[in-house]
Amino acid sequence: NAGVTQTPKFRVLKTGQSMTLLCAQDMNHEYMYWYRQDPGMGLRLIHYSVGEGTTAKGEVPDGYNVSRLKKQNFLLGLESAAPSQTSVYFCASSLGLGQRVVETQYFGPGTRLLVL
Amino acid sequence: KNEVEQSPQNLTAQEGEFITINCSYSVGISALHWLQQHPGGGIVSLFMLSSGKKKHGRLIATINIQEKHSSLHITASHPRDSAVYICAVRGYGGSQGNLIFGKGTKLSVKP
């Protein structure tokens, strides 16, 4: 099993450009998350999904959109990139059991994004 | 005030030393996590606690719910333990996925 993978690993954008980050998991997990990690700050939740076709906002959702069309994939979109979105982005997933989430989150390797 | 505070921010130890990293939180929680972020950036979950103590190899995690405090101990530290250790808490209610993360403790173990 590959676990959680992220594409791309690194990207440079100009202000105003758009891009999509792809997260894929092969563990049949219901829950998926997008975080950003900035120097001197803890991981912050951008958006998350509790199942195929559902998404919800996290702590810092502005400037991002997400989609979960397939259970194994969770896409994070930047429609018009800004320098403030320079960060390292981590995707994670966790198993759900009925209405309860199994707490352990499995993280992808991260995507380093630089917006000039 | 941050809801999750870790101390120290940075820690340097000699190989073999006993290490303690602390985490204090200000909200009621349903669970507390300890994670390890390797120098290459990868993040791995170490423990999930809701009470008491857990042990895995040389790592021990404890939590005191009344005092809103958790500690991560590393016995017989080794240079391969060098990493950033992150504490995260999950509160009651709200969304299923919302963890609140501390800023991390950077540990460097010298040979």
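Above: the structure in question.
Now for a look at the structure at hand. Quick caveat: nothing in here was measured; it's all calculated off a predicted structure.

The subject of this paragraph is the overall build of chain B. If you tally the helices and strands in chain B, you get zero helices and 11 strands. The secondary structure elements of chain B, listed N-terminal to C-terminal, are β-β-β-β-β-β-β-β-β-β-β. A compact globule built from 111 residues would reach a C-alpha radius of gyration of about 13 Å, and chain B, at 14 Å, matches this within 12%. In terms of principal-axis extent, the alpha carbons of chain B reach across some 45 × 25 × 25 Å. Considering chain B as a whole, with its 111 residues, one finds that 43% of them fall into the buried category. Considering only contacts in chain B between residues 6 or more positions apart, those separated by 24 or more positions represent 55%. For chain B, the distance from the average position of its 11 positive side-chain charges to the average position of its 6 negative side-chain charges is 5 Å.

Listed as interface residues are 18 residues of chain B and, on the opposing side, 17 residues of chain A. Contact between chain B and chain A buries roughly 1,500 Å² in total, counting both sides, with carbon and sulfur atoms accounting for 57%. Applying the counting criterion to the chain B and chain A interface returns zero salt bridges. Counting across the chain B and chain A interface gives two residue pairs in polar contact (both at pLDDT 80 or more). Of all the secondary structure elements, the ones that give two or more residues to the side of chain B that touches chain A are strand 4 (29–37), strand 5 (43–49), strand 9 (83–91) and strand 10 (99–101) of chain B. With four residues, strand 4 of chain B is the largest single contributor of residues to the side of chain B that touches chain A.

Residue and element names in this part refer to chain A. Per the counting criterion, the structure on display carries four salt bridges over all chains. Its salt-bridge partner being Arg36, residue Asp38 comes within 2.9 Å of it at the nearest N-O pair. The buried category is assigned to Asp38, whose relative accessible area is 10%. Relative accessible area serves as the criterion here: at 8%, Arg36 is assigned to the buried category. Salt bridges here are not isolated pairs; linked through shared partners, they connect Arg36, Asp38 and Arg44.

The space that makes up the largest pocket amounts to roughly 660 Å³. Broken down by secondary-structure element, the contributors of at least two residues to the lining of the largest pocket are strand 9 (87–94) and strand 13 (111–115) of chain A together with strand 9 of chain B. Of the residues assigned to the lining of the largest pocket, the class counts are 10 nonpolar, 13 polar and five charged. By volume, the second largest pocket is sized at about 340 Å³. Taken together, 16 residues line the second largest pocket, and the ones lying closest to its centre are Leu43, Arg44 and Glu59 of chain A together with Ile100 and Phe101 of chain B.

Before going further, it helps to spend a moment on the sheet that holds strand 1 (residues 4–7) of chain B. Residue and element names in this part refer to chain B. Read across the sheet, five strands follow the order 1-3-8-7-6 without closing on themselves; strand pairing throughout is antiparallel. Looking at the sheet topology across the chains shown, the edges are occupied by strand 1 and strand 6 (52–56). For this sheet the average axis-to-axis angle between neighbouring strands, irrespective of direction, equals 15 degrees. Looking at chain direction, strand 1 and strand 3 (residues 19–25) are connected through four bridges and run antiparallel. Bridging from a neighbouring strand, Val4 pairs with Tyr25 of strand 3.

On the surface, Phe10, Val12, Leu114 and Leu116 of chain A cluster together into a nonpolar patch covering about 360 Å² of accessible area. By the element assignment, Phe10 of chain A lies in strand 2 (residues 10–13).

Counted according to the given criterion, the structure contains four aromatic pairs over all chains. Relative to Tyr89 of chain A, the ring of Tyr64 of chain A has its centre 5.8 Å away and its plane inclined at 65 degrees; by these criteria the two rings are edge-to-face. Residue Tyr64 of chain A is found in the loop between strand 6 (54–57) and strand 7 (65–67), and its partner Tyr89 of chain A is found in strand 9; the two are separated by 25 residues along the sequence. A connected cluster of aromatic rings, assembled from ring pairs, spans Tyr33, Tyr35 and Phe107 of chain A together with Phe101 of chain B.

Cut-offs and rules
- Residues numbered from 1 in each chain as written.
- Chains lettered and ligands numbered in written order.
- Predicted model: local features only at pLDDT ≥ 70, side-chain atom pairs only at ≥ 80, totals over all residues.
- Heavy atoms only, no water.
- Helix = DSSP H or I, 4+ residues; strand = E, 2+ residues; numbered from the N terminus.
- Rg over C-alpha atoms; globule rule 2.2 N^0.38 Å.
- Buried < 20%, exposed > 50% of the residue type's maximum accessible area, 1.4 Å probe, protein only.
- Contact = heavy atoms within 4.5 Å.
- Lys, Arg positive; Asp, Glu negative; His and termini not counted.
- Charge placed at Lys NZ, Arg CZ, Asp CG, Glu CD.
- Buried area = accessible area lost by both parts, 1.4 Å probe.
- Salt bridge = Lys/Arg side-chain N within 4 Å of Asp/Glu carboxyl O.
- Polar contact = N/O pair within 3.5 Å; in protein donor to acceptor, adjacent residues only side chain to side chain.
- 1 Å grid on protein atoms, 1.4 Å probe; cavity = no way out; pocket = protein on both sides within 12 Å on 5 of 7 lines; lining within 4 Å.
- Points joined across faces, edges and corners; volume = space filled by probe spheres on them.
- Nonpolar A, V, L, I, M, F, W, Y, C, P; charged D, E, K, R; others polar.
- Pairing = 2+ DSSP bridges.
- Axes fitted to C-alpha atoms, helices over the stretch in contact; angles between N-to-C directions.
- Patch = residues over 30% accessible without salt bridge, like charges linked within 9 Å, V, L, I, M, F, W, Y side chains within 5 Å.
- Areas by Shrake-Rupley, 256 points an atom, 1.4 Å probe, with all protein chains shown as cover.
- Phe/Tyr/Trp six-rings, centres within 6.5 Å; stacked < 30°, edge-to-face > 60°.

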